[in-house]
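Understanding the architecture of this molecule
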Amino acid sequence: MIRFGALGAAKISPAALIYPCINEPNALVVAIAARDRARAERFAEAHHIRTVCEGYDEVVRRGDVNAVYNPLPISAHHEWTIKALKAGKHVLCEKSLSCNAEEAEEMNAVAKEKGLVLMDAFHYRYHPLFNRVRGIYRSGILGTIQSIEAAFHVPVTGSDDIRMNYETGGGVTMDIGCYPISWVRHLTDQEPVVVSARAEVGPPNVDLLLEAEMKLDDIEVRTSGDMRPSARFNAKLKVTGDVGILAVNNVIAPQFGSELDLNVNGEVTKETFDRRPTYAYQLDAFIAAVEHGESIATNGDDAVKQMRLIDSCYDAASLPRRGLRT
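So, a few notes on the structure that sits alongside this text. Keep in mind it's a predicted model, so treat the numbers as computed, not measured.

The next thing to look at is the layout of surface pockets. Looking at the largest pocket, its volume works out to about 1500 Å³. Every residue lining the largest pocket is counted, 49 residues in all, and those nearest its centre are A10, K11, I12, P71 and D175. Of all the secondary structure elements, the ones that give two or more residues to the lining of the largest pocket are α1 (13–22) and α9 (278–292). Top element by residues in the lining of the largest pocket is α9. It accounts for 4 residues. Split by residue class, the lining of the largest pocket holds 27 nonpolar, 10 polar and 12 charged. Forming the walls of the second largest pocket are 15 residues, and the residues nearest its centre are E149, A150, A151, R222 and S224. Of all elements in the fold, only β7 (145–153), β9 (207–216), β10 (219–226), β11 (234–241) and β12 (244–249) reach the threshold of two or more residues within the lining of the second largest pocket. Top element by residues in the lining of the second largest pocket is β11. It accounts for 4 residues. Residues that form the lining of the second largest pocket fall into these classes: 6 nonpolar, 3 polar and 6 charged.

In structure tokens, the structure reads:
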């Protein structure tokens, strides 16, 4: 039995952890703490969590907790993930795993030293949709791959939104644009090289839009993240080869409906996928890693590579990496 302690009462927590655990006999959320105890108590009552702790330290040290879920602001991921790992707890940490690659390397090193699971919560990666996309890419039916385009756009309108604050690890690339970057990496199992990047900045050093041009051998790669108020929802991945095109709509959350379109030599096919949430598949993978030692696609090693690429995007856009004093 995996007994989670949750750090904070984040909005993502019900979908990402609470609801998947309801349908999973081998996982349970047993404790929670938040900066505001009253908020933690309301959250615990609403979601039937039996223990409200005085603080995050109490959560990570509890004997009845053997895994910690960390959905705190990105600027707090490094500190509290390392504290949880050092307390002997496996960690499911929301993306982005850290503010920068240096922090990710430190977190990964502690997980390896302790022999514990550290999962970067890119939930899409575990859904049958993305496994199918990877299979098509590797099959060769698209011919020689010429380009990959990946975009995730979601409007953010609140000026007090945590993503609007550099100090808390804000910026579109850290929370939204990190997905298309991850899609490309996991589709190809390669690490693209950033050629150039363009950003539009809102609050100081906070990218509202970041578009990156990358190279993978002879493949042209374009990624974009957009959280400008004018953005329209877009979560698409397109792969173009010399004999075929693969296009996927709603890569991130196929549980809300998605479609895979494949055009090979003019023959068009469409595929749809099951509505089981990506987060449920992610929990499956976390349990398998903890209980059976199975490998996970978004482990600490992968998170380090992910953060190196994000750092490179910020460098190319002439913006400071997250987590630096400015």
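Spatially, 6 strands are ordered β3-β2-β1-β4-β5-β6 in an open sheet, and the strand pairing comes out parallel. This sheet does not close on itself; its edge strands, each paired only once, are β3 (51–52) and β6 (118–120). Pairing analysis gives 3 bridges linking strand β1 (residues 2–7) to strand β4 (residues 67–70), with the strands arranged parallel. Bridging from a neighbouring strand, A6 pairs with Y69 of β4. In the packing of α1 onto the sheet, the strands contacted are β1, β2 (27–33), β4 and β5 (90–93), and the crossing angle to β2 comes to about 135°. Contacts from α9 reach β1, β2, β4, β5 and β6, with the element oriented near 120° to β1.

What counts, and where the lines are drawn
- Residues numbered from 1 in each chain as written.
- Predicted model: local features only at pLDDT ≥ 70, side-chain atom pairs only at ≥ 80, totals over all residues.
- Heavy atoms only, no water.
- 1 Å grid on protein atoms, 1.4 Å probe; cavity = no way out; pocket = protein on both sides within 12 Å on 5 of 7 lines; lining within 4 Å.
- Points joined across faces, edges and corners; volume = space filled by probe spheres on them.
- Helix = DSSP H or I, 4+ residues; strand = E, 2+ residues; numbered from the N terminus.
- Nonpolar A, V, L, I, M, F, W, Y, C, P; charged D, E, K, R; others polar.
- Pairing = 2+ DSSP bridges.
- Contact = heavy atoms within 4.5 Å.
- Axes fitted to C-alpha atoms, helices over the stretch in contact; angles between N-to-C directions.

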